[in-house]
Amino acid sequence: RSLGISIDYPRVGDGELDGMVHPDLQGRDFGEVKDGDGLFMTFAGEVKTFDRKEHKVPEDRKSVYALFVNEAAYYEKKMAVMLF
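Since this is a predicted model, take the numbers as computed values, not measurements.

A. Structural context of the overall build of the protein. Scanning the protein from terminus to terminus reveals 0 helices and 6 strands. Along the chain direction, N to C, the helices and strands of the protein fall in the order β-β-β-β-β-β. Taken against the 2.2 N^0.38 rule, which gives 12 Å for 84 residues, the C-alpha radius of gyration of the protein at 12 Å falls within 12% of a compact globule. Projected onto the principal axes, the alpha-carbon positions of the protein cover approximately 35 × 25 × 25 Å. Across the 84 residues that make up the protein, the buried fraction comes to 33%. Sequence separation of at least 24 residues holds for 50% of the intrachain contacts in the protein that already meet a minimum separation of 6. Summed over its atoms, the accessible surface of the protein is roughly 5,400 Å², and 49% of this surface lies on carbon and sulfur atoms. Taking the average place of the 12 positive charges on the side chains of the protein and the average place of its 16 negative ones, the gap between the two points comes to 6 Å.

B. Expanded view of the sheet that holds strand β3 (residues 38–42). One open sheet holds the 3 strands; their spatial order is β2-β3-β4, and the pairing between them is antiparallel. Each end of this open sheet is capped by a strand with a single partner; those strands are β2 (19–21) and β4 (47–49). Within this sheet the neighbouring strands show an average axis-to-axis angle of 30°, counted without direction. Inspection of the sheet shows β3 paired to β4 by 3 bridges, in the antiparallel sense. Paired with Phe-40 across the two strands is Lys-48, which belongs to β4.

Each value, and the rule that gives it
- Residues numbered from 1 in each chain as written.
- Predicted model: local features only at pLDDT ≥ 70, side-chain atom pairs only at ≥ 80, totals over all residues.
- Heavy atoms only, no water.
- Helix = DSSP H or I, 4+ residues; strand = E, 2+ residues; numbered from the N terminus.
- Rg over C-alpha atoms; globule rule 2.2 N^0.38 Å.
- Buried < 20%, exposed > 50% of the residue type's maximum accessible area, 1.4 Å probe, protein only.
- Contact = heavy atoms within 4.5 Å.
- Areas by Shrake-Rupley, 256 points an atom, 1.4 Å probe, with all protein chains shown as cover.
- Lys, Arg positive; Asp, Glu negative; His and termini not counted.
- Charge placed at Lys NZ, Arg CZ, Asp CG, Glu CD.
- Pairing = 2+ DSSP bridges.
- Axes fitted to C-alpha atoms, helices over the stretch in contact; angles between N-to-C directions.

Below, the structure is given as structure tokens:
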């Protein structure tokens, strides 16, 4: 069941992209995502990691999975990944 949480790509102040899906997440639809896993890599090389609290995952949810990872159809909706 979806958590209803979608995560946008990293962006700079004017809304332009500042990164891409982390190589370890790319191609991992339905893969479990844990705290500290790389979600994004900025164009400067900084890794942005997953954090349950930051992404508002309910505490009673033991496992979190990624869906629609880097799907082109969701790019304009500003959704890089959905959590379920």
